[in-house]
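Below, each chain spelled out in residue letters.
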Amino acid sequence: MTLKMSKDLAVLQGAFLLANKLCLPSSLSSLQKADWSRVGHPVLEALGEVRGRDEPGGRPSSPSSVVWMKNVVCAVWLKALSGETGEDVETAWRENPFFPLQNGLPEVNRVVLLEVVKSMAAAPIFARLLLSLPRSQICTELERLARHVRSGPTGEDDVRLFLEVWWELWKGRGEQRDGGEDDTETAFARQFARLSSESSGPSRQAAKRLKLDVSDLPASPPTTDVLHVLLHALKDLKDHMSTAELCLQALSISLDALYTTFLIDRAAELPTGEKLLLLSKTVGIREANEENLSPELIREAQRDVRASRTPSPFQPSGMKLAEALAIITELALFWRNSGLLNVCGGSKPSYSAFKLEQSVQRVLAALQEADDRDSEKEALRCFLESLAFPATESTAEVSMRVTATVISHRLEDYQSFALLFAGEKTWAARDALWTDCLEKNQAAFQQLDALIQLSSVLAGKLRGEDADVSRCRKLMKVVADIFSALSLKDKNGALAATLRLSRRGFFGGAVPSAVTDGFEQELNMAFNCLIQGGGATATTQGNLNTAVSLVARVAFQNPEATLRSCCHSAIFNKGAFSLMAKILQQLPGLRGHGGRRRKDEEAEESADEDDDEEEEGGPSGGALLCRCLQETIGTKPLSANEKEQLLEYLGLLMTPVEGGEGGEERRQSFLTPQEVVNVFVLPNISATGQSSFDVELSLRLLQTALSVDVQDPASCPHWVLDCSPFPLLYVLAQLHHQTLRCWEQPPEDAVPRWSMDTKELLVSVLASLGGLVGAEVAAAPSRWSRALFWLYNKTGQLDWTVRFHLKPVWGEHFKNEVPSSLLAVCDLPEQDWLGSDLPQYGQGTGLLAWMECCSASDSLRSTMLSRLSLDQRRADHVGMFSKGLLVALTQTLPWCSVSQWTRLLGVLRELISSGRLHVPFSLEYVDYLPLLDLRSFSCDLRLSVLLLRVLQLLCGSSCSRWLSADGWSHVGRLYAHAAREVMNSVRAKLPLPSSASTPPKTPASSDPDPSCTPVKAPKMSEDLQRAGGSPLTSKEAHMEEEEEEGFPSQEVLFVLSQLFCHVQHIQVMMPGGQSEPLFLSSLEILSHYEAVMAAFPRSSSALESDNTRHFFSTITDNLQDHDMKAVLRQKIAQLVSSAA
């Protein structure tokens, strides 16, 4: 930095020159203290004029004034020092930034410097400049200050200057309010060090000056013990203190210096409330002495508080505690004997007396904690205990104004004061000042604890009888704005605190309707923005963050209403469930009381809800979101799409996402699976059908919950144990028992008719739940023995196959109890299997039981196949077994689910392939057997024939009344599934080229579409056909013919034709004849038939393809449905050999 000359500095230089003339015949360089009053008035007037005041002596306040005065003190100080050391002008003008001002000043000495500092009330500036010097230089300068103060005449302002410098040193540098201050102090310290180094080798002129001015020399070798210098200087000044105010101030400062130097080793942090009390009392005293409350006043009071409780920056190097105690005790006794420690005197309260009271309390507390009781400590303690101080009170109004000032001007610890301000409900009663401070200083309150306090106060105001609606709405907006500015982590903390306050947030009680209406408008606007802005496709992080902020803001005001809107949007707005779930996953603070909790916590919450009127009548248990969902889905029946959205929504909310606090990442979900199961499944799933809730929806929710990976492998027990697992297993077993006869028409008011999809779902849920419970049982079998026996005994009333699905639960605890007839056809070990006489399974039903076991599970299927008792060497046994199996399959087929039917198809293939099941293949649809190798297709053909025989038996007169229309539709689906499985097996044995793998497009109507009709090639003459070629026959044609001979294309066409006839035959036989799955299977067979003909042109001649079309058309003519018949005919017409 370089100080630039200005008009003000020129005026000041002139004043110094005038003062120097007034000293004639002497000069300012040899001025004595007593002469300053005679010659210093031009300087003081110039300082007063520049600072804009008529009378000098006030304390500088503005930053610019402080910087200007600091430059003046630096220039005068360096001028005095340069005179002592003989500064080189050539060096100074290049290196000294204060040279422009300093060079225009006359030669001055320390008297001028210190009198200028005293007159300008610049003790804080002088102390700050001192702090930039080395410790030894500080002590030297303090000794010079003490000698100056002691030199006559010594007045109160001299002593006050000494005490102010002392205390400013203890307060330290404090906060930096201007960036230029550091530069000024650094430049001063650099020039001071340069001049001091030059003084180590003084010039002859400087040596003469030093000899003439002996008072400037230190009396002893330099010391670094600041406290030693100050206490001894104070001891020398004791006779010059003639007022109680000065003595109180001196004793307070010396006690604080003693306390911070010897009696503490770390700073003592005061609670914010105690800080406020001290500041309020300070302000009250200052205002009583006609000072105005200002940020500077509070800032200095805060510095006083901090300095008196922080270890001193000047630790002693030579002085001991006993010496310091002796000096202070001596001074205190001297002043008391002189009548100068009368703290109760005066009509106005004394700030010095108040500070002394605080100092005495701190020192007494420290002395009482000390272990040793030496004479010096006892003497000081007895003296301090003898002092009596007047009571100092503080009003709530002063405390509030002080706190508001600290917050408004961002003074030290303002955020803690903001927290205190937010929580004082008595202050909040002063609506105007409290709300005004809050509105203008929102940034200070952007902290979680302060917002929680504000929320509590706002809730109280809203529920007040005389609530000011406009002020409440204004305050709610301010609080919501503060909330919106928080980080996401703090927002979640605030949401959790709001839920603890009330699940309706600020609207938990009787709130004015105008406030409620305003919130409803904001809530509707927020969700309209989300939905209209692409609620289903807001994928970018920026859009998601905006959506989260919108929802969080309204949720902070009323969590329940917001969650209800989230649920409504997720279920009834198409595709919105994904966005709503993502939003809530970002707001775990809205979970409320969720997850597994201890019983005592649940009891406490239950008691709280009983006492809270707003909780009465609400759904019990579960998280708040579950309650809102219950209310939402209870308003009207859900469509299929809405049910899907509900399932997706809950599935996403149960899915754990990465999150954590304090840097610790962990996976957490908004809703726990046990919450969903306890709220939506357990109360609604019933074997009696009394629940209004969709049982199938409950099962799907249970399946989703069980499939969510939230369980920590290290945690035990599993969450499912909190959901009454054994009663739940029994209810599921009951439902599965009911689905075994799902095609029987139920009586009125009975269990509704079940679908096969529900049966599949039940089996899946039983497997998942049984596996989880079984693992817990295996870990502690003795703990669950009673529950296992209960479940086993209860399931004895159900169908015997149900227990197979519960095998994972009890493991090897019980034998497999099966009909005794099964043991007649199956060689099962007695240690694992137990026969039971069941009325429905008499003699000859062993194969029926065997088939039911095969369909139950993959493991049972393997057991049944390996343990089947059949002597294949005896043809009569094989024949009887084959006939019995045909009957058993007929009885089992209608009640199979798709997965069970798939297992049975595998069993049938295994039996056919192993020769245990005899199925003769008859030529029902051909007049002669073509010369083809059908051995590799034997199993497929026999399986198709077997299924034809089963359906013939099932559609016969003796069985046709077994099933309802839904049952026959299900049978059609199962047979279509089997036909597709046979066709896939055939397709696998003849892979088609990629160009022919895609079947031609199926016509959509009965009207033939010319664009879909293939262009027929010109027919070849019979001679050319017999020759097997054409006029264009070439070497490539012969090669293609040889390649085709290696593929069973003709065999595949034959098998497909048989399969098509079987499907058509069954479709005609089935009641109604309109089975859409069979119709689609026929189309699929024809498409593949056409693809094979296209890929292998020589697999069918023109005559053969013509015969095939005629034959297929004849079969299709038996269909009753005209539309199906027309589509199939059009498809058949496309079966034209490319060899034609």
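Small disclaimer: the values here were computed from a predicted structure and weren't measured.

Criteria and cut-off values
- Residues numbered from 1 in each chain as written.
- Predicted model: local features only at pLDDT ≥ 70, side-chain atom pairs only at ≥ 80, totals over all residues.
- Heavy atoms only, no water.
- Helix = DSSP H or I, 4+ residues; strand = E, 2+ residues; numbered from the N terminus.
- Buried < 20%, exposed > 50% of the residue type's maximum accessible area, 1.4 Å probe, protein only.
- Contact = heavy atoms within 4.5 Å.
- Areas by Shrake-Rupley, 256 points an atom, 1.4 Å probe, with all protein chains shown as cover.
- Pairing = 2+ DSSP bridges.
- Right-handed = clockwise from strand over helix to strand, strands pointing away.
- Core = buried A, V, L, I, M, F, W, Y, C linked by side-chain atoms within 4.5 Å.
- Expected span 1.5 Å × (residues − 1).
- Salt bridge = Lys/Arg side-chain N within 4 Å of Asp/Glu carboxyl O.
- Phe/Tyr/Trp six-rings, centres within 6.5 Å; stacked < 30°, edge-to-face > 60°.
- Lys NZ or Arg CZ within 6 Å of the ring centre and 35° of its normal.
- Axes fitted to C-alpha atoms, helices over the stretch in contact; angles between N-to-C directions.
- Parallel < 35°, antiparallel > 145°, perpendicular 65-115°, else oblique.
- Left-handed = near helix turned anticlockwise from the far one by under 90°.
- Nonpolar A, V, L, I, M, F, W, Y, C, P; charged D, E, K, R; others polar.
- 1 Å grid on protein atoms, 1.4 Å probe; cavity = no way out; pocket = protein on both sides within 12 Å on 5 of 7 lines; lining within 4 Å.
- Points joined across faces, edges and corners; volume = space filled by probe spheres on them.
- pLDDT = per-residue confidence, 0-100.
- Disulfide = S-S within 2.5 Å.

When helices and strands are tallied, the protein chain shows 53 helices and four strands. The buried share of the protein chain, reckoned over its 1140 residues, is 49%. The long-range fraction of contacts in the protein chain, counting pairs at least 24 apart against all pairs at least 6 apart in sequence, stands at 78%. As displayed, the protein chain offers around 52100 Å² of accessible surface, 51% of which is attributable to carbon and sulfur atoms.

The next point concerns the pairing of strand 4 (residues 833-836). Here strand 3 (residues 816-819) runs beside strand 4; their pairing, made up of four bridges, is parallel. Looking at the pairing, Glu817 lines up with Leu834 of strand 4. Crossover handedness for the path strand 3 to helix 41 (residues 820-825) to strand 4: right-handed.

Our focus in this paragraph is the nonpolar core. Counting residues in hydrophobic clusters, the biggest one holds 233 residues, and the most contacted among them are Phe445, Tyr649 and Trp850. With residues up to four places along the chain from it excluded, the contact list for Trp850 reads Leu822, Val825, Cys826, Met864, Leu865, Leu868, Leu885, Val907 and Leu911.

An ideal rise of 1.5 Å per residue puts 24 Å on 17 residues; helix 17 (residues 321-337) measures up with 24 Å between its terminal C-alpha atoms. Every buried residue of helix 17 is accounted for by Ala324, Leu325, Ile327, Ile328, Thr329, Leu331, Ala332 and Trp335. Residue Gly339 follows helix 17 closely and has a positive phi angle near 75°.

Looking at the element boundaries, Ser352 is found in helix 18 (residues 351-369). What makes Ser352 buried here is its relative accessible area of 8%. Apart from the residues within four sequence positions on either side, Ser352 is in contact with Glu245, Leu248 and Gln249.

Summarising burial for helix 30 (residues 577-585): seven of the nine residues are buried, a large majority. Every buried residue of helix 30 is listed here: Phe577, Leu579, Met580, Ala581, Ile583, Leu584 and Gln585.

For the rest of this paragraph, the subject is the pattern of salt bridges. This model, assessed by the stated rule, comprises 54 salt bridges. Here Arg916 and Glu910 are joined by a salt bridge, their closest N and O atoms 3.9 Å apart. Judged by relative accessible area, Glu910 falls into the partly exposed class, the value being 39%. One connected set of salt bridges, linked through shared partners, spans Lys33, Glu115, Lys118, Asp157 and Asp158.

As a further point, take the packing of aromatic side chains. Enumeration according to the criterion identifies 26 aromatic pairs in this entry. With centroids separated by 4.6 Å and ring planes inclined at 45°, the aromatic side chains of Phe1060 and Phe1112 adopt a geometry described as tilted. Within this pair, whereas Phe1060 is found in helix 50 (residues 1049-1069), its partner Phe1112 is found in helix 52 (residues 1102-1116), the two being separated by 52 residues in sequence. Taken together through their ring pairs, the aromatic side chains of Trp77, Phe126, Phe188 and Phe192 make up a single cluster. Above the ring of Phe334, the side-chain terminus of Lys238 is found at 4.8 Å from the ring centroid. For the cation-ring pair, Arg803 lies above Tyr792, with the distance from its terminal atom to the ring centre recorded as 3.8 Å.

This next bit is on the packing of helix 50 against helix 52. The geometry of helix 50 relative to helix 52 is characterised by a closest axis approach of 10 Å and an angle of 15° between their N-to-C directions. One element, helix 50, and the other, helix 52, form an angle in the roughly parallel class. Crossing angle aside, the handedness with which helix 50 passes helix 52 is right-handed. Residue-level contacts link Ser1057, Phe1060, Cys1061 and Gln1064 of helix 50 to Phe1111, Phe1112, Ile1115 and Thr1116 of helix 52. For the contact of helix 50 with helix 52, the class distribution of residues is five nonpolar, three polar and no charged.

Take the packing of helix 42 (residues 846-856) against helix 43 (residues 858-867) next. For the pair helix 42 and helix 43, the least separation of the axes is 6 Å and the interaxial angle reads 140°. If you check the angle between helix 42 and helix 43, you find them oblique. For the pair helix 42 and helix 43, the contacting residues are Trp850, Cys853, Cys854 and Ala856 in the first and Leu860, Arg861, Met864 and Leu865 in the second. Residues of the contact of helix 42 with helix 43, tallied by class, amount to seven nonpolar, no polar and one charged.

A word on empty space enclosed by the protein. Scanning the model with the defined rule gives seven cavities of 30 Å³ or more in all. Estimates place the volume of the second largest cavity at around 140 Å³. Lining the second largest cavity are 16 residues, and of these Asp304, Val305, Tyr351, Lys355 and Gln358 sit closest to its centre. Breaking the lining of the second largest cavity down by element, the ones donating at least two residues are helix 15 (272-288), helix 16 (295-307) and helix 18. Sorting elements by how many residues they give to the lining of the second largest cavity places helix 18 first, with six residues. In the lining of the second largest cavity, the residues fall into seven nonpolar, four polar and five charged.

What follows covers the environment of Trp962. Looking at where Trp962 falls in the secondary structure, it is placed in the loop between helix 46 (938-954) and helix 47 (965-988). The class for Trp962 is partly exposed, based on a relative accessible area of 37%. Distance in space between the C-alpha atoms of Trp962 and Trp743 is 8.5 Å, their sequence separation being 219 residues. Those residues in contact with Trp962 that sit more than four places away from it in its chain are Thr890, Gln891 and Leu954.

Relative to the helices and strands, His736 resides in helix 36 (residues 725-739). On the accessibility criterion, His736 (1% relative accessible area) is buried. Residues His736 and Val802 lie 66 residues apart in sequence; the distance between their C-alpha atoms is 7.1 Å. Setting aside residues no more than four positions away along its own chain, His736 makes contact with Lys759, Leu762, Val763, Leu766, Val802 and His805.

Moving on: the side chain of Asp256. In this structure, Asp256 sits in helix 14 (residues 244-263). Setting aside residues no more than four positions away along its own chain, Asp256 makes contact with Trp167, Trp170, Ser308, Ser359 and Arg362.

Looking now at the confidence of the model for the protein chain. Model confidence for the protein chain is summarised by a mean pLDDT of 84, while 85% of its residues fall at 70 or above. In the model of the protein chain, helix 48 (residues 1022-1027) stands out as the element of lowest mean pLDDT, 34, in contrast to helix 45 (residues 898-914), which has the highest, 96. Here residues 202-219 is modelled with pLDDT under 50, and outside its nearest four sequence neighbours on either side it reaches 15 contacts, counting other chains as well. Low pLDDT, under 50, characterises residues 660-664; the stretch is placed with six contacts to residues that sit more than four places away or in other chains.

Before going further, it helps to examine the state of the cysteines. One pass over the structure, following the stated rule, counts zero disulfides. Its sulfur unpaired, Cys567 is 5.5 Å from the next cysteine sulfur, which belongs to Cys628.

Moving on, we come to unusual backbone geometry. A cis geometry characterises the amide bond from Leu24 onward to Pro25, with omega recorded as 10°. Note that Pro25 resides in the loop between helix 1 (7-22) and helix 2 (36-39). Positive phi, close to 55°, is recorded for Ala121, a residue that is not glycine. Of note, the phi angle at Arg410 is positive, near 50°, even though the residue is not glycine. Residue position: Arg410 is located in the loop between helix 20 (396-408) and helix 21 (414-423).

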